[in-house]
Amino acid sequence: MKVLFLNRVYPPADGATGHLLKELAERLALRGLEITVVTSATTAEAVVDFPSASRSTVRIERVKSLPFSRSSVVQRALSYLSLYPALLWRALRLPKQDVIITMTDPPLLLLVGWFIKLLRGGRLIHWAQDLYPELAEELGVLSKNGLIAKICRTVSSFALRRQQKVISLVRCMNERLLNRGVGEHNIHII
């Protein structure tokens, strides 16, 4: 079985989602699954050092995007906007995958997974560690119920309803997922 993970970070890049993904990907690979991770390069040097690598039987495909920065919302948004097409393009150039798993970094990445499924097929799963735009609203990055938050919520809800499974970390997230139109039978709590 071929499994594709999409996430902004993967070690050696720092980031909690990347470390969790690395642990899971390596364990699944040890069970005989063919695991590919499509992720960003953290610096220009990373593209040179790790254009495509295989570590612990996990194939890692790194793509270029604008540098990620937490110092500016605009810079972060531009980085995300440059990352989505790069991840999609690289994933579509890979052999067909049986399972496509998107994570929550960057926000709305689940929409990229849905496009891959539309074009190539496969089972679609979203590993929801955060919910957007709710997290951005709570942190004050986006105005609560502002125009950008409403657009993000609409797009996110659309993509969430198209997932065959949504992995939720806690029960309280389930209410929010249910309110977004995800069927209860599609939610799995870990």
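Within every chain, residues take consecutive numbers counted from 1 along the sequence as written. Where totals are concerned, whole chains, interfaces and linings use all residues; where local detail is concerned, this predicted model gives features only for residues with pLDDT of at least 70, and gives and counts side-chain atom pairs only at 80 or more. Side-chain calculation: all heavy atoms of the structure are included, whereas hydrogens and water are not.

**Q** Teacher, can you tell me more about the packing of aromatic side chains here?
**A** The description of an aromatic ring pair rests on the distance of the ring centres and on the angle between the ring planes. The rule is short: rings of Phe, Tyr and Trp, with Trp giving its six-membered ring, pair when the centres are within 6.5 Å, and they are stacked under 30 degrees, edge-to-face over 60, tilted in between. The final tally for this structure, using the stated rule, is 2 aromatic pairs. Each ring, one from Trp114 and one from Phe115, has its centre 5.4 Å from the other, and the planes form 50°; the classification is tilted. When the ring of Trp114 is compared with that of Phe158, the centres are 4.9 Å apart and the planes differ by 90°; the resulting orientation is edge-to-face. Highlighted residues: Trp114 in helix 4 (residues 109–120) and Phe158 in helix 6 (residues 147–160), separated in sequence by 44 residues. Under the relative-accessibility criterion, Phe158 is labelled partly exposed at 29%. One aromatic cluster is present, built from ring pairs that chain together Trp114, Phe115 and Phe158. Charges are assigned to positions over rings by a cutoff of 6 Å between ring centre and Lys NZ or Arg CZ, combined with an angular limit of 35 degrees from the ring normal. Note that Arg162 overlies the ring of Phe158, its terminal NZ or CZ placed 3.6 Å from the centroid. Where helices and strands are cited, they refer to DSSP runs of H or I of at least four residues and of E of at least two residues respectively, numbered from the N terminus. With a 1.4 Å probe rolled over the protein chains alone, any residue whose accessible area is under 20% of its type maximum counts as buried; one over 50% counts as exposed, and the rest are partly exposed.

**Q** How should the nonpolar core be read in this particular structure?
**A** It is characteristic of soluble globular proteins that their nonpolar side chains tend to be buried jointly. Formed by 30 residues in total, the largest nonpolar core has its most connected members in Leu4, Leu6, Val38, Ile116, Leu160 and Leu177. Put simply, the parts of the chain that give this core at least two residues each are strand 1 (2–6), helix 3 (73–92), helix 4, strand 6 (123–128), helix 6 and helix 7 (171–179). In this text, buried Ala, Val, Leu, Ile, Met, Phe, Trp, Tyr and Cys residues form a nonpolar core when linked through side-chain atoms within 4.5 Å. Core analysis: the next-biggest nonpolar cluster, separate from the first, contains 16 residues, Tyr10, Ile35, Trp127 and Ile167 among them.

**Q** Could you clarify how one ought to interpret the side chain of Asn7 in this entry?
**A** Within the secondary structure, Asn7 is located in the loop between strand 1 and helix 1 (16–30). Distance and chemistry together define a polar contact, namely a pair of N or O atoms within 3.5 Å, with one atom able to donate a hydrogen and the other to accept it when in protein, and with adjacent residues in sequence counting only for side-chain atoms on both sides. At 3.0 Å, the side chain of Asn7 forms a polar contact with the side chain of Thr17.

What is shown is where atoms sit, not what they do.
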